[in-house]
Structure formats: C-alpha cells, structure tokens
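A closer look at the structure
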Amino acid sequence: MTDTAQTTTPARLLIIGPQGSGKGTQAARITELLSIPAISTGDLFRAHVKNETDLGKQVKAVLDRGELVTDDMTFSLVRDRLNEGDTGNGFLLDGFPRNAAQVTLLDEFLTPRQEELTAVIELGVPREVSIDRLFQRAQEQGRTDDTEEVISKRLEIYEKETAPILDVYRSRGLVDTVDGVGSLEEVTARIVGALSTRGIAAS
Ligand code: AMP
C-alpha cells in the first residue's frame, strides 16, 4: 500500500439512525478519516438557537418539543451549507433528509449538479440501547430536547417519518446497514469497511 491511493467513488454520504445511535460521533470520525465536512442539521439549528439568530428564535420551541422544523427552513440551511466551497470532495449528511419530502428536495438540488448520494449508512441499534444512551447524554450535556417525553417523541418521529426513507435509498442500492453496538472503534471500522466495498476510501 502506498499513501497515494485514490478515492475512486466520491464520498457523498448520508448517515441515518435513531437518536442515540451514536451517529453524530461516528459522523465526526468518518469525516475526519475521509477529509470531508460533516453537515448536521441538528448542530446547525442548535448553533442558531445558541447565537439567538432570527432563525434560532423561530425554531427554538420546535426543537425543545422534539418536533421537526419545516422542510423549507431546513432545506435552505442545508442548501446554503452544501454551496460552501468545502464540499467538492464530498460530504456526510447527518440528520437530513429526515422525511420523504426532504428526500425529494435533496434530489432536486443534486440532480442539476449531476451529483447523487453514493452511500447511505444505516446505523442500527436496539431501541433500549438508544434510550439508555440518550438519558446518559441528557445527564452529560443537558440538552433541552433530551427529556423523557421529548426523547419518546423524537424516536416516534424517527420510526414514522425517517425510517421509511431507507426504503427509497434501498431501492437505489445505496444502503449499508451497520451494527451500531460496540466500541467506537469497532463501529467506525464497520462503516469504513462498508464504504470501501463501494470504492469510497480515504485518499
Ligand atoms: P438532531 O440533533 O439531528 O436530533 O436534531 C435536533 C432537532 O433539530 C430535531 O429534533 C428537529 O427539531 C431539528 N431538525 C434537525 N434536522 C432536521 C430535519 N432534517 N428536518 C426537520 N427538523 C430537523
């Protein structure tokens, strides 16, 4: 092996999993390995709330209730982020698309650019494990949307609206389901293995 190995398939990635699946942590690790930006809509919204921007003021209550922000508002945030100069080698979306309408919005954005997603990682964890991890995070980080009631609401929305979009991507042959239970390193290695089978590797 030399250090001049090339990425043969562009890394335009989506990571999907229920809240508490560890996808944010894995997104950070994978994007560092592949030298691409992680685009987390949850992080973008939380930054707006923290900085008390107009958008942040509009969405704060929605985030606190664990409900979804409107598709238009969410997409305009994603579109602006994808239009920044650092996505030429690819990107990893975390938290978007989250429902069928958002899948269409993303397709309508990528198609004229002659781009498409090249892999969708589904991070699978049993419901009890994600709930345990969310309660742990609530204690450690004090997120306002990590209360018991809001956690149940977010998992319910995931199951109803987000999990079904996996079928769309499955029909395009893009989904790799990765077991999300294990050490950080083990889970990262599984994701890296799945991506390299598709010709997506660190350059
Ligand atoms: P997350 O950190 O991905 O769980 O996102 C936190 C919150 O941000 C969600 O509960 C929603 O209120 C909002 N949010 C994040 N991504 C989206 C999205 N794609 N569509 C609508 N709302 C979103």
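Residues numbered from 1 in each chain as written. Predicted model: local features only at pLDDT ≥ 70, side-chain atom pairs only at ≥ 80, totals over all residues. Heavy atoms only, no water.

In this section: the overall build of the protein. The helix and strand inventory of the protein stands at nine helices and five strands. Counting from the amino terminus, the protein carries its helices and strands in the arrangement β-α-β-α-α-α-β-α-β-α-α-α-β-α. For 203 residues, the compact-globule estimate of 2.2 N^0.38 gives 17 Å, and the C-alpha radius of gyration of the protein, at 17 Å, lies within 12% of that figure. Along the longest, intermediate and shortest principal axes, the C-alpha atoms of the protein span 50 × 40 × 30 Å. Taking contacts inside the protein between residues at least 6 apart in sequence as the whole, the part at least 24 apart equals 75%. Surface exposure of the protein reaches about 10,600 Å², of which carbon and sulfur atoms provide 50%. Averaging the coordinates of the 23 positive side-chain charges in the protein and doing the same for the 33 negative ones gives two points 1 Å apart. (Helix = DSSP H or I, 4+ residues; strand = E, 2+ residues; numbered from the N terminus. Rg over C-alpha atoms; globule rule 2.2 N^0.38 Å. Contact = heavy atoms within 4.5 Å. Areas by Shrake-Rupley, 256 points an atom, 1.4 Å probe, with all protein chains shown as cover. Lys, Arg positive; Asp, Glu negative; His and termini not counted. Charge placed at Lys NZ, Arg CZ, Asp CG, Glu CD.)

A few words now on the nonpolar core. Formed by 22 residues in total, the largest nonpolar core has its most connected members in L93, L106, L117, V120 and Y169. Of all elements in the fold, only strand 1 (11-16), helix 4 (71-82), strand 3 (90-94), helix 5 (100-110) and helix 8 (165-171) reach the threshold of two or more residues within this core. In this structure, L93 is in contact with L13, L14, I15, I39, V78, L106 and L117, ignoring residues within four places of it in sequence. (Core = buried A, V, L, I, M, F, W, Y, C linked by side-chain atoms within 4.5 Å. Buried < 20%, exposed > 50% of the residue type's maximum accessible area, 1.4 Å probe, protein only.)

Attention now moves to unusual backbone geometry. In this structure, the amide linkage connecting F96 to the following residue, P97, adopts the cis form with an omega of -5°. For S35, which is not a glycine, the phi torsion comes out positive at approximately 55°. With respect to the helices, strands and loops of the structure, S35 is situated in the loop between helix 1 (23-34) and strand 2 (38-40). Positioned with a positive phi, Q114 is a non-glycine residue whose angle comes to about 55°. Tracing the sequence through the fold places Q114 in the loop between helix 5 and strand 4 (119-124).

Next up on the list: the packing of aromatic side chains. Here a ring pair, both rings aromatic, is described through the centre-centre distance and the interplanar angle of the planes. The final tally for this structure, using the stated rule, is two aromatic pairs. The interplanar angle of 75° and the centroid separation of 6.2 Å between the aromatic rings of F75 and F109 together place this pair among those described as edge-to-face. Here F75 is found in helix 4, whereas its partner F109 is found in helix 5, with 34 residues between them in sequence. Put simply, the rings of F75, F96 and F109 touch in pairs and so form one group of aromatic residues. (Phe/Tyr/Trp six-rings, centres within 6.5 Å; stacked < 30°, edge-to-face > 60°.)

Turning next to the sheet that holds strand 3. Pairing within the open sheet is parallel, and its five strands lie in the order 2-3-1-4-5. Single-partner strands in this sheet number two, and they are strand 2 and strand 5 (175-179). Taking the axes of each pair of neighbouring strands and ignoring which way they run, one obtains an average angle of 25° across the sheet. Of the pairings in the sheet, the one linking strand 2 to strand 3 comprises three bridges and is parallel in character. Within the sheet, the bridge partner assigned to I39 lies in strand 3 and is L93. Where helix 9 (residues 184-197) meets the sheet, its contacts fall on strand 1, strand 4 and strand 5, and the angle it forms with strand 5 comes to roughly 160°. (Pairing = 2+ DSSP bridges. Axes fitted to C-alpha atoms, helices over the stretch in contact; angles between N-to-C directions.)

Further remarks concern the environment of Q136. In this fold, Q136 is placed in helix 6 (residues 127-141). Given the relative accessible area of 46%, Q136 is considered partly exposed. With ten residues separating them in the primary sequence, Q136 and D146 have C-alpha atoms 9.3 Å apart.

This paragraph deals with the site of the ligand. The immediate surroundings of the ligand are formed by 16 residues, with T41, R46, E67, G95 and Q102 found nearest. Contact between the ligand and T41: a nitrogen atom at 2.7 Å from a side-chain N or O atom of the residue. The separation between a nitrogen atom of the ligand and a polar main-chain atom of G95 is 2.8 Å. The protein chains hide 97% of the 470 Å² of surface that the ligand would expose on its own. If you tally residues by element for the shell around the ligand, the top one is helix 2 (residues 41-50), at four residues. Looking at the shell around the ligand residue by residue, the class counts come to five nonpolar, six polar and five charged. (Near = heavy atom within 4 Å. Polar contact = N/O pair within 3.5 Å; in protein donor to acceptor, adjacent residues only side chain to side chain. Nonpolar A, V, L, I, M, F, W, Y, C, P; charged D, E, K, R; others polar.)

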